[in-house]
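Here is how the chains run, residue by residue.
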Amino acid sequence: MEFKFKVLCGSPEGTIVEKVTTRRLGENDVFIKTTHSGLCGTDEHFLHGDQALGHEGVGVVKHIGSSVTSVKVGDRVGFGFIRRVCGKCDNCISGCDNHCRYKRAYGQHDFDVGSFRHGTVWNADAHHFYVLGASVWAFLTNNGIRPSDRVGVVGIGGLGHLAIKLAAALGYNVVAFSGSERKREEALEFGASEFYPFPRIQGDVRIKPIKHLLLCGSSNVDYASLLDLVDTNGVIYHISVTLEPTPIPLVPFGQKGIRIQGCFITSRRNLQELLEFAARHDLKPTIVTFPLTKNGLEEAFEELRAGGIRYRAVLEHQAL
């Protein structure tokens, strides 16, 4: 059985190109009709590549292969960049990423498929791997943060606003930092107990040191400016993505015992925990919607670059 559907791709010129692709349904595959896909700053990195864009898809299963048992027709599932995984290596177990040794050695991982499409054929064992709240959740739950700890969130955008909501629901003492004073009221509504402008802190305001600091905003972070913010033996989690070298003042960081912790995406187990936690606490992202079309994606990118998204851009395609 074959399926044909529209796909929104990047191009060497950095413009969005609409293509039509065909995929055959294998015995362990599912055909997903896309309903929504989130847009993230990370998608900018792939605009100049000749590949489908997007990595935060949601859709409804319409057909299943003969050996599929994990989902059924009518189920709503998530999908992203990883269409097929080996299911055996350490990265699959703890959180698969683009440097998986199985991909390099055996080609058993299928990446860069994308979610800005009207439908897709996906391997049933890989249908949950996607990011946004998942990466934030991994930082907040896998690093020994205690309820008494001060957790800072720098940058209140798609990642940051969810970080505040999740951290507050987990019982942490959340401190929000943003370059936009207009976001103060919303940050407090999301669950922050304190708000400070960043990177310029006004007047003689002294901030009690932060034990865990999540960097969710601009990728171009001046790590030296964080030295006084972070507590002794504190941790910095760099969630935003940059392909450029990032200078780090090793000596002063070493003297304070400050650690930088990485985690690009999370495991299926953590993602299931996140979804259950969000449902139990009725936590939802604050979104702005656009049509899942070439024009809709171009408009969403323009709003994202202008800083006009409050707080997550979501592309919609409801034709089922």
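As a reminder, the structure under discussion sits directly above these lines.
Summary of the structure given here. Note that this is a predicted model, so its numbers are computed, not measured.

The rules we used
- Residues numbered from 1 in each chain as written.
- Predicted model: local features only at pLDDT ≥ 70, side-chain atom pairs only at ≥ 80, totals over all residues.
- Heavy atoms only, no water.
- Helix = DSSP H or I, 4+ residues; strand = E, 2+ residues; numbered from the N terminus.
- Buried < 20%, exposed > 50% of the residue type's maximum accessible area, 1.4 Å probe, protein only.
- Contact = heavy atoms within 4.5 Å.
- Areas by Shrake-Rupley, 256 points an atom, 1.4 Å probe, with all protein chains shown as cover.
- Pairing = 2+ DSSP bridges.
- Axes fitted to C-alpha atoms, helices over the stretch in contact; angles between N-to-C directions.
- Salt bridge = Lys/Arg side-chain N within 4 Å of Asp/Glu carboxyl O.
- Patch = residues over 30% accessible without salt bridge, like charges linked within 9 Å, V, L, I, M, F, W, Y side chains within 5 Å.
- Expected span 1.5 Å × (residues − 1).
- Right-handed = clockwise from strand over helix to strand, strands pointing away.
- Arc of directions from axis to C-beta.
- Polar contact = N/O pair within 3.5 Å; in protein donor to acceptor, adjacent residues only side chain to side chain.

### Some details on the overall build of the protein chain
A tally of regular secondary structure across the protein chain gives eight helices and 14 strands. Counting only residues that meet the buried cut, the protein chain has 51% of its 320 residues in that class. Intrachain contacts of the protein chain at a sequence separation of at least 6 include 66% that bridge at least 24 residues. Accessible surface, the protein chain as shown: approximately 15200 Å² in total, 49% of it carbon and sulfur.

### Section: the sheet that holds strand S9 (residues 194-197)
Judged by pairing direction, the sheet is parallel, and its six strands sit side by side in the order S9-S8-S7-S10-S11-S12 without closing on themselves. Two strands lie at the open edges of the sheet, namely S9 and strand S12 (259-261), each paired on one side alone. For this sheet, the mean angle separating the axes of adjacent strands, direction not counted, is 20°. Bridge count between strand S10 (residues 210-215) and strand S11 (residues 230-238): five bridges; the pairing is parallel. Within the sheet, the bridge partner assigned to His212 lies in S11 and is Val235. The strands touched by helix H4 (residues 158-169) within the sheet are strand S7 (150-154), strand S8 (173-178) and S10, with S8 carrying the most contacts at an inclination of about 165°.

### Considerations on the pattern of salt bridges
Taken as a whole and assessed by the stated rule, the structure comprises 10 salt bridges. Between Lys19 and Asp50 there is a salt bridge; the shortest N-O distance is 2.6 Å. In this pair, Lys19 is assigned in strand S2 (residues 17-24) and Asp50 in the loop between strand S3 (29-39) and strand S4 (57-64), connecting sequence segments 31 residues apart. By relative accessible area, which is 34% here, Lys19 ends up partly exposed.

### Here's the deal with a nonpolar patch on the surface
Where nonpolar side chains cluster on the molecular surface, the patch consists of Ile248, Leu250 and Ile260 and spans about 270 Å² of accessible area. Tracing the chain through its elements places Ile260 in strand S12.

### Description of H4
An ideal rise of 1.5 Å per residue puts 16 Å on 12 residues; H4 measures up with 17 Å between its terminal C-alpha atoms. Within H4, burial applies to Gly158, Leu159, Gly160, His161, Leu162, Ala163, Ile164, Lys165, Leu166 and Ala167. Residue Gly171 follows H4 closely and has a positive phi angle near 95°.

### Some points on the pairing of S9
Taking every second residue as pointing to the same face, both faces of S9 are buried, with Glu194 and Tyr196 on one and Phe195 and Pro197 on the other. The sheet contact formed by S8 and S9 spans four bridges and is parallel. By the bridge assignment for S9, Ser178 is matched with Pro197. Where the polypeptide runs from S8 across helix H5 (residues 184-190) and back to S9, its parallel neighbour, the crossover connection is right-handed.

### Overview of helix H7 (residues 268-281)
Taking 1.5 Å as the rise per residue, H7 with 14 residues should run 20 Å; its terminal C-alpha atoms sit 20 Å apart, in good agreement. Here H7 has its buried residues at Asn270, Leu271, Leu274, Phe277 and Ala278. Projected onto a plane normal to the axis of H7, the buried residues spread over an arc of 125° and lie on a single side. Facing away from the buried side of H7, by more than 90 degrees, are the exposed residues Arg269, Glu276, Ala279 and Arg280. Where H7 is buried, its residues contact helix H3 (133-141) and H4. Residue Asp282 follows H7 closely and has a positive phi angle near 55°.

### Thoughts on the side chain of Arg312
Turning to its location among the elements, Arg312 is positioned in strand S14 (residues 312-316). The class of Arg312 is buried, set by a relative accessible area of 7%. A polar side-chain atom of Arg312 sits 2.8 Å from a polar atom in the side chain of Glu56.

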